[in-house]
Each structure stands twice: as structure tokens, then as C-alpha cells.
There are 2 protein chains.
Amino acid sequence: MFQIKGQTIVEIPEYTLECGETLYNFPVAYKTWGKLNSTQSNAFLICHALTGSSDVQDWWGPLLGINKTFDPSRYFIICINFLGSPYGSCSPVTIDKSTGKAYGPNFPLVTAKDDVRIQKIILDQLNVKQIACVIGGSMGGMIALEYSSIYNDSDYVKTVIALATSARASAWCISWNETQRQCIFNDPAYDDGYYYENGNSPTSGLAAARMAALLTYRSRNSFETRFGRNKSNDLFTAQSYLRYQGNKFINRFDANCYIAITRKLDTHDITRDHDFDLEKYLQRLKKPHLIIGIESDGLFTISEQELLGKNIPNSILKKLTSPEGHDAFLLEFELINNYCLEFLKKELPEIYESDEVFEWTEPEEFESMCSEVDNITNW
Amino acid sequence: MFQIKGQTIVEIPEYTLECGETLYNFPVAYKTWGKLNSTQSNAFLICHALTGSSDVQDWWGPLLGINKTFDPSRYFIICINFLGSPYGSCSPVTIDKSTGKAYGPNFPLVTAKDDVRIQKIILDQLNVKQIACVIGGSMGGMIALEYSSIYNDSDYVKTVIALATSARASAWCISWNETQRQCIFNDPAYDDGYYYENGNSPTSGLAAARMAALLTYRSRNSFETRFGRNKSNDLFTAQSYLRYQGNKFINRFDANCYIAITRKLDTHDITRDHDFDLEKYLQRLKKPHLIIGIESDGLFTISEQELLGKNIPNSILKKLTSPEGHDAFLLEFELINNYCLEFLKKELPEIYESDEVFEWTEPEEFESMCSEVDNITNW
């Protein structure tokens, strides 16, 4: 497990997953900012992306602060690490208490629907009665849309913001995930997933998987502008950059976890267990939705965002014209902040007109943690 | 080496590559259709794509025949296998006569400029005085543009057709190639390229590389239409399809060759050795060019085709609206045939008005060799 500063970890006694398996006494990790209001209805739930963590400051830092989207003086902000991720919640690197060994490749299939239901247990423990807004980008947006779907007929969730995502995993995402898993399987150190026991790790396979993933998060034009045909020593700088990013990733992630979470992504489909086609199902969603798409996104294309915006009745679609591709949801802070604030102030006037404004002091190291394009870790 | 039916293989005594190394007594393979005319000026040179061969019937079959683009009654059609490819010309799988062993990982870096100069030796032997048209798509288009560049001040090349390609390899192409090579390097059977000697082959690495490559040749929407979230047994059909394509590729290609030709692609830059920036250099090109771009192409984007069309003075840009992505240059036969014929009839009236029309009988197995979407081998 990789350490996240200031995280709370709770143990959940028992939960039966969609796949039929039951997890016992397993950890779930989360971080919070701000305070719950007197009506327990100001929760702002942030869902992290594929390889993200609960540490929102690290990847969406510029959106967090007084008068920003994630305003800790008005909202009780929470981000829960989803299962399968190595950042604190139960995953392949977690010790299975019944065996005394890490789950490894035996970690069961966890779906986005499971995450929503497990997170509800935590939110109940925290006395959250109502989620004012659930937000997420990419894989996080998939989970946000599951919240919308699961609580469609209840007032538990008030509003939904989904960025660069989809209501179900496309054949395109499934295919890229398959390719990346094959990169890991090919590494001789992978050993069918039982590599913890021999002290090994399929790092070169994981790095190659990351290189392919990173390219799907970017765009042809951003790479051309940034690298072109520049060389340093015998390598093109684009090559060196990819190798650097691959190596950086293996220091913060685990291969079995990567397999687990990409499989989770593949299963994502809000229409599963419902007798509607996707468009008809989207047309039944009742919450106000803000959909933010990126025009240069090659992974979750703008057409997928248009499908959401066109079909969800109470929705607004905003299109970012950033050249950065899919990763723009982690880069275009100002535009995203403006779109979110406009939406939130319209849909949640009770929050912005309330007298319950809590004190909030920005942590000292806060500003320096904001990501730059060069340091971005592509969560 | 993989066998190509009806191929001629000639031996070239000596050639010094751009990198400084000299190859001795090495093979070059080619196929021809039709006859050279009395003025030796009706050659139609076809440059194959990255993993292609001289067997044009196999991948551009529907363009070949009487009254089609590759009309063997009017043109002397020739396709020469480029170096580094395992289909007959000198490559890592070729025996180096000086050592008695396959070149393997010691095969030197061959560039597109080298290919043009080596092909000229063959064309001279065949008494070709003038190339009426040089055509290629993707990597083949890169070589076609090198012909345009190298013979800009001579009348050796009359016209150029380039599809879904670029005048120099983009950071995007370089990055995808790097990722694919890493897939091969990670395979334990790769053994630094010396796998022939132990009877091994990095097939799973090569298959993973192919899976990533294939996805860059296609598009999100074509995959969604074709596969969606369909399943067979426990796998998504998109997954099974990728695995099938990966396995199919390892039976027709070699990993060291794949490394050699992707490195060749990376080096492609028609401005190398010239003191001009790309736009200025393109503005100096003199031949008539037909540029065909594909709007859904994510690898050689339409903006790259627009750059060519905008800057090359005597050029026509046609845009295909196919949903198939980059591979449309191997699928949209009818549109491509029409665009090419229109261009050729305008630019080469002497060919179409000539009385020298040769007899041509279509080989019996010809029709059945035309590719279908399902059988396409993504050259």
C-alpha cells in the first residue's frame, strides 16, 4: 500500500460484491475537508480517477479553497479511495485477514456499483444525510453517474457533475485496457499475479502499460507542440518523456491493482440490471447534471459527452477546447472551476445563501502541491 | 523470412546507408504487373505500409485492374519491399553473408531516404527512365514524399500520391512506436534480440505491440459500432478480437523486424539535411501531389494532411469521411480509386491518350484476395 497523508481508514465488517463474493473486515480510506452542516446536507463527494487517490489536493488542488468549487467553508468535502486501488482501501496489496496473505490476483471483481454502495456505508457513519453534489472525471465520472443512476428515485443525491466520462465503458476503453493488461501479463516477473511472494514485481510490464495509457490521455497536437522531433542524446525527447513517466508510475502503483481497476472500468454500465437501452435510460435520469467534455479527448470522445448532454433531461453540456486531450480534466482548472461554480450556484442556492459558513485555514503546504503540466501524474 | 508468391529477389552488391554502415550482397524483393512502355516512362511505383509487403493484390487488390488506378494495361506497376521488413528484402531475419548468421538486433538503421536510393538501383536495372506516379499510404506515403523531395529538381518522378501520412514523423508516432517497442523488450523471450539462436521468439510482446498499434489504426466510433459491450463467454468481443489480431500478427511478422521498421519510421523527415523549416520546404516541392486524408484518423491526423495540402503548391487535398480511422486507406477502395483516377487522368494525359495499351489477364485467384473489413491485416 502507498501512503496518503492525512487519510482516515475505517474497517467495514462485511460486504457482498456484485460478483457474489463477500469481503470481511476490509479497509476503506478517505479524506475530508470542511464540516457537515446542521442539516447534514452539504456533502460534496469527489470520485477520483483510475489511478487516483483520496488526496484531492494533489490532483485537483486548484479547485479546493474558499469561493472555489470545493469550498470547505460551505461544504463537507469527502473523497473515498475506491476498492482495487493501492492507496488505502481494500485491494490486491491488502492483507486478507482470513489467510494472512495479500489478496494478490485472487482479489475479487469490484464494480462501480459496489463502490457506490460501500461508500454509502462510510457516508452513513459520517452522518451524511444528503449529498449536495457528486463529482468525478474519467473513471471518477463513471462512479458519479452510478450515484445518479442508483439514487435516481431518492433525494439522497442532489446534483451530479461528470467530466470526460461515459455512462458505460466503450469498446474503445475496454480494448485499451485489454492491451495494457497484456503488457503486464507479458512481464516474466508477473508470475500469474503471485509476484509478492517471490519479492518480484512486473515493473517493466506496468511501465509499458502506463506508456500506452498516457498516450490515450494526451493528444497528437499537444505532443507535437511539446516535443516535435527534438532529441537529447540518441533519443527523441518524446521517447525519454514516456520512459520517465513509465518509471515514475511503477513507484506509485501496483500491477495487480492496475489489472483490478481496469477490469472494474470495463464492467461499468449504468444500464446493467435495467431493461432500457442507454439513451432511454439516460432520459429517465432526474437529477440536474453538469457534463463537461473535452473536444480533443481521444479516449472519452466529445460524442460520448454529447450523448449524455443530449439525453439527460436536466443537464448542461460544456465543451472544453483545450488541446491537451483527455487529461484536460486535470489541467484546465480555471475553466472547470468556472463551469462548476456557475452550475452549483444555480442548483444549490441553499448552500450559497446559508448563514452556516465554517472557518477554514489553508494548510501551509497547500499552494505548492498544485500540479503543473510537467509534474502531472495523470491520475 | 515470410514467403510472398510471385516475388522477384535480386542481390545488390553494395550500398552505404545514411547511418554510415555498408550492406554487401543483400537481397531486395519486388513484384511487378504490366509492361514498361517504349519510352520507359510508365512506371507506377507503389510503396507499401509499415508491416506490408510487395504483394499489392493482398492489401490494395481492388485498386488493381483494367481502368482502375493501378491499370496494368497502361502502367508498369512495381512494388518493392523496403529494408527491415521480413518479406524478402534485407532485414534482421536475413542471413548476413559475412557472418553466416541472421543480422538479428545488429541490423543497421535504414531510413526512408535509403529505401528510395536502394529502390532506384532496382528501377534502373528494370530500365525505368521515369516514374509516372509514386503512391503510398501511411509509412508508404512517407516514402512517396521522400521520392518527391529527393527528385524535386529532376524529371525522374512525375506525380506523387500520398495517403494518411506526413512529411516527417510526429512526436505522436514516435511515442506510439516507443511504447510498442517496449512491449517487445519486456518479453523474456526477446533476449536483447538474440532470440533466433535459442529457437525462441518474443511472440507475446509482439502481440501486445500489435494490439496497441491496431488500436491507433482504428477509431473509437468504429469499435463502438462493431463491438459495443457484446460478450462471448467471459470476454468482451473487443477483447477477443484484439487477442485474435495479436496472435494473427505473430504468425506473419518478426519482432526484430518490427523494431527496425518502427525506428525507420521515427527517423523520417524530408527536411533532414536541408536548411528550411517544414512549411518552407513543402512550399518548394514542385511535382503535382494528390494528398488524401482521413477525418477520423487519430495517428496521422487530418491536420497533418492539411499542412501538406496547404503548403505544397501544386497539390490537391481530398478528405475521406470514413469512420474507420487510419485504416480507411486500406478500406475505402472506391473513394480512393475515384480520387486517384481523377488526378492521374488530369496530370498524366500522355498515359491515357497513348496507343500503347498492353494485354492483361486477371489471375484466377485475384478476386478472392480482396480484403474485407473482417479479414484486413492492417498492413
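What you see is a predicted model; the values in this text were computed from it and never measured.

Enquirer: Let's hear about the interface of chain A and chain B: which residues, and what values?
Expert: Facing the 44 residues of chain A at the interface are 44 residues of chain B. Contact with chain B buries area across many residues of chain A, yet Trp172(A), Arg220(A) and Arg229(A) alone supply 21% of it, more than any other trio. Our count for the chain A to chain B interface comes out at six salt bridges. Here Glu304(B) makes a salt bridge to Arg220(A), at a shortest N to O gap of 3.1 Å.

Enquirer: Please provide a residue-by-residue account of the side chain of Ser138(B), values included.
Expert: Residues and elements named next belong to chain B. Turning to its location among the elements, Ser138 is positioned in the loop between strand E7 (131-137) and helix H3 (139-150). Since its relative accessible area comes to 7%, Ser138 is described here as buried. Separated by 2.7 Å, the side chains of Ser138 and His326 make a polar contact. The contact partners of Ser138, leaving out residues within four places of it in the chain, are Ala49, Leu163, Ala164, Thr165, Phe300, His326 and Phe329.

Enquirer: Break down the UniProt feature "active site" (unreviewed entry) in chain A for me, with residues and values.
Expert: All names here are of chain A. UniProt feature "active site" (unreviewed entry): in the numbering of this structure it lies at Ser138, Asp297 and His326. The largest pairwise C-alpha distance within this set of annotated residues, which runs over 189 residues, is 10.8 Å, so the set is compact in three dimensions. Residue placement: Asp297 occurs in the loop between strand E11 (289-294) and helix H10 (302-311). Classification of Asp297 as buried rests on a relative accessible area of 4%. Residue contacts for Asp297: discarding those within four places in its chain leaves Ala164, Ile302, Gly325 and His326.

Enquirer: Kindly report on the UniProt feature "domain: AB hydrolase-1" (unreviewed entry) in chain A, identifying the contributing residues and their values.
Expert: Residues annotated by UniProt as "domain: AB hydrolase-1" (unreviewed entry) correspond here to residues 43-332 of chain A. Secondary structure over residues 43-332 of chain A splits into 38% helix and 15% strand, and the C-alpha atoms at its two ends are 24 Å apart.

Enquirer: Requested: an account of the environment of Cys133(A), with residues and values cited.
Expert: All names here are of chain A. By the secondary structure assignment, Cys133 is in strand E7 (residues 131-137). Once the C-alpha coordinates of Cys133 and Thr159 are considered, the two residues, 26 residues apart in sequence, prove to be 4.7 Å apart. Look past the residues within four positions of Cys133 in its chain and what remains in contact with it is Ala43, Phe44, Leu45, Thr159, Ile161, Leu344 and Leu348.

Enquirer: Please provide a residue-by-residue account of the sheet that holds strand E1 (residues 8-16) of chain B, values included.
Expert: Residue and element names in this part refer to chain B. A sheet is described by the order of its strands in space; here eight strands give the open sequence E1-E2-E4-E3-E7-E8-E11-E12, paired in mixed fashion. Two strands lie at the open edges of the sheet, namely E1 and strand E12 (315-320), each paired on one side alone. Strand-to-strand twist in this sheet, taken as the mean axis angle between neighbours without regard to direction, amounts to 20°. Across eight bridges, E1 lies against strand E2 (residues 22-33) in antiparallel orientation. Note that in E2 the partner of Tyr15 across the bridge is Leu23. Strand contacts of helix H2 (residues 112-125): E1, E2, strand E3 (43-47), strand E4 (76-80) and E7, with the helix running at about 125° to E1, the strand carrying the most contacts. Here H3 sits on the sheet in contact with E3, E7, strand E8 (157-163) and strand E11 (289-294), set at roughly 145° to E7.

Enquirer: Describe the side chain of Gln57(A), naming the residues involved and giving the relevant values.
Expert: Residue and element names in this part refer to chain A. Examined against the element boundaries, Gln57 turns out to sit in helix H1 (residues 56-60). Residue class for Gln57 comes out buried when judged on its relative accessible area of 6%. Polar side-chain contacts of Gln57 include one of 2.8 Å to the side chain of Trp33.

Enquirer: Outline the state of the cysteines, listing residues and values.
Expert: A complete count under the given rule lists zero disulfides over all chains for this structure. Unpaired in terms of disulfides, Cys133(A) finds its nearest cysteine sulfur in Cys340(A), a separation of 7.3 Å.

Enquirer: Tell me what's going on with the sheet that holds strand E1 (residues 8-16) of chain A, and back it up with residues and numbers.
Expert: Residue and element names in this part refer to chain A. Read from one edge to the other, the open sheet built from eight strands follows the order E1-E2-E4-E3-E7-E8-E11-E12, with strand pairing classed as mixed. Among the strands making up the open sheet, the edge pair consists of E1 and strand E12 (315-320). If you compare each strand with its neighbour and ignore which way they point, the axes differ by 20° on average. The pairing of E7 with strand E8 (residues 157-163) spans six bridges and is parallel. Looking at E8, one finds that Gly137 is bridged to Leu163. Docked against the sheet, helix H2 (residues 112-125) engages E1, strand E2 (22-33), strand E3 (43-47), strand E4 (76-80) and E7, running at close to 125° with respect to E1.

Enquirer: Give a description of the packing of helix H4 (residues 171-185) of chain B against helix H5 (residues 203-217) of chain B that names residues and reports values.
Expert: Residue and element names in this part refer to chain B. Remark: H4 packs on H5, axes separated minimally by 7 Å, with the N-to-C direction vectors making an angle of 160°. Relative to H5, the element H4 is oriented roughly antiparallel. For the pair H4 and H5, the crossing hand works out as right-handed. Residues Trp176, Gln180, Cys183 and Ile184 of H4 form the contact with H5, whose own contacting residues are Gly205, Leu206, Ala208, Ala209, Ala212, Ala213 and Thr216. Residues belonging to the contact of H4 with H5 are distributed by class as follows: eight nonpolar, three polar and no charged.

Enquirer: Summarise the pairing of E8(A); cite the residues concerned and give the values.
Expert: All names here are of chain A. Counting buried positions over the seven residues of E8 gives six, a clear majority of the element. For the crossover from E7 across helix H3 (residues 139-150) to E8, the handedness is right-handed. When E8 meets E11, the two strands line up parallel, connected through four bridges. When the sheet's bridge partners are listed, Val160 is paired in E11 with His289.

Enquirer: Account for the pattern of salt bridges, naming residues and giving values.
Expert: Side-chain pairs of opposite charge can arise whenever the charged atoms involved come near each other. Residues and elements named next belong to chain A. Here the structure, examined in full by the defined rule, presents 32 salt bridges over all chains. Here Glu18 and Arg272 are joined by a salt bridge, their closest N and O atoms 2.9 Å apart. Taken together, the residues span a long stretch of sequence, with Glu18 in the loop between E1 and E2 and Arg272 in the loop between helix H8 (255-267) and helix H9 (278-283) at a distance of 254 residues. Judged by its relative accessible area of 31%, Glu18 is partly exposed.

Enquirer: Before we move on, could you go through the relation of the copies chain A and chain B and cite the residues and values that matter?
Expert: For the match of chain A to chain B, the screw axis carries a shift of 0.0 Å, the RMSD comes to 0.0 Å, and the turn is 180°. Overall, the copies show the geometry of a two-fold rotation axis.

Enquirer: Now, about the pairing of E2(A): what can you tell me, with residues and values included?
Expert: Residues and elements named next belong to chain A. From the end of E1 to the start of E2, which pair antiparallel, there are five residues, and Gly20 there has a positive phi angle of about 105°. One ladder, built from four bridges, connects E2 with E4; its direction is antiparallel. Note on E4: the bridge partner recorded for Tyr30 is Ile80.

Enquirer: Kindly report on H5(B), identifying the contributing residues and their values.
Expert: Along an α-helix, residues three or four apart share an orientation, since each turn contains 3.6 residues. With 15 residues, H5(B) should cover 21 Å at 1.5 Å per step; its first-to-last C-alpha distance of 21 Å lies within 8% of that length. Taken across its 15 residues, H5(B) has 13 buried, putting it largely inside the fold.

Enquirer: Can you break down helix H4 (residues 171-185) of chain A residue by residue, with the values?
Expert: In this model H4(A) runs 21 Å from its N-terminal to its C-terminal C-alpha over 15 residues, within 8% of the 21 Å that 1.5 Å per residue would give. Of all the 15 residues making up H4(A), 14 are buried; the element is thus mostly covered by neighbouring parts of the structure.

Enquirer: Summarise the packing of aromatic side chains; cite the residues concerned and give the values.
Expert: Using the criterion set out here, one finds 47 aromatic pairs over all chains in the structure. When the centroid spacing of 4.9 Å and the interplanar angle of 40° are considered together, the rings of Phe227(A) and Tyr241(A) count as tilted. With Phe227(A) in the loop between helix H6 (220-226) and strand E9 (231-232) and Tyr241(A) in helix H7 (residues 237-250), the pair connects residues that are 14 residues apart, well separated along the chain. On the basis of relative accessible area, Phe227(A) is assigned to the buried category, the value being 7%. Where Phe276(B) meets Tyr281(B), the ring centres are 6.3 Å apart and the plane angle is 40°; that geometry is what we call tilted. Look at Phe276(B) and you get partly exposed, because its relative accessible area is 32%.

Reading the values: the criteria
Residues numbered from 1 in each chain as written. Chains lettered and ligands numbered in written order. Predicted model: local features only at pLDDT ≥ 70, side-chain atom pairs only at ≥ 80, totals over all residues. Heavy atoms only, no water. Contact = heavy atoms within 4.5 Å. Buried area = accessible area lost by both parts, 1.4 Å probe. Salt bridge = Lys/Arg side-chain N within 4 Å of Asp/Glu carboxyl O. Helix = DSSP H or I, 4+ residues; strand = E, 2+ residues; numbered from the N terminus. Buried < 20%, exposed > 50% of the residue type's maximum accessible area, 1.4 Å probe, protein only. Polar contact = N/O pair within 3.5 Å; in protein donor to acceptor, adjacent residues only side chain to side chain. UniProt positions renumbered as here; feature names shortened; annotations may be inferred. Pairing = 2+ DSSP bridges. Axes fitted to C-alpha atoms, helices over the stretch in contact; angles between N-to-C directions. Disulfide = S-S within 2.5 Å. Parallel < 35°, antiparallel > 145°, perpendicular 65-115°, else oblique. Left-handed = near helix turned anticlockwise from the far one by under 90°. Nonpolar A, V, L, I, M, F, W, Y, C, P; charged D, E, K, R; others polar. Right-handed = clockwise from strand over helix to strand, strands pointing away. Least-squares fit on C-alpha atoms with pLDDT ≥ 70 in both. Expected span 1.5 Å × (residues − 1). Phe/Tyr/Trp six-rings, centres within 6.5 Å; stacked < 30°, edge-to-face > 60°.

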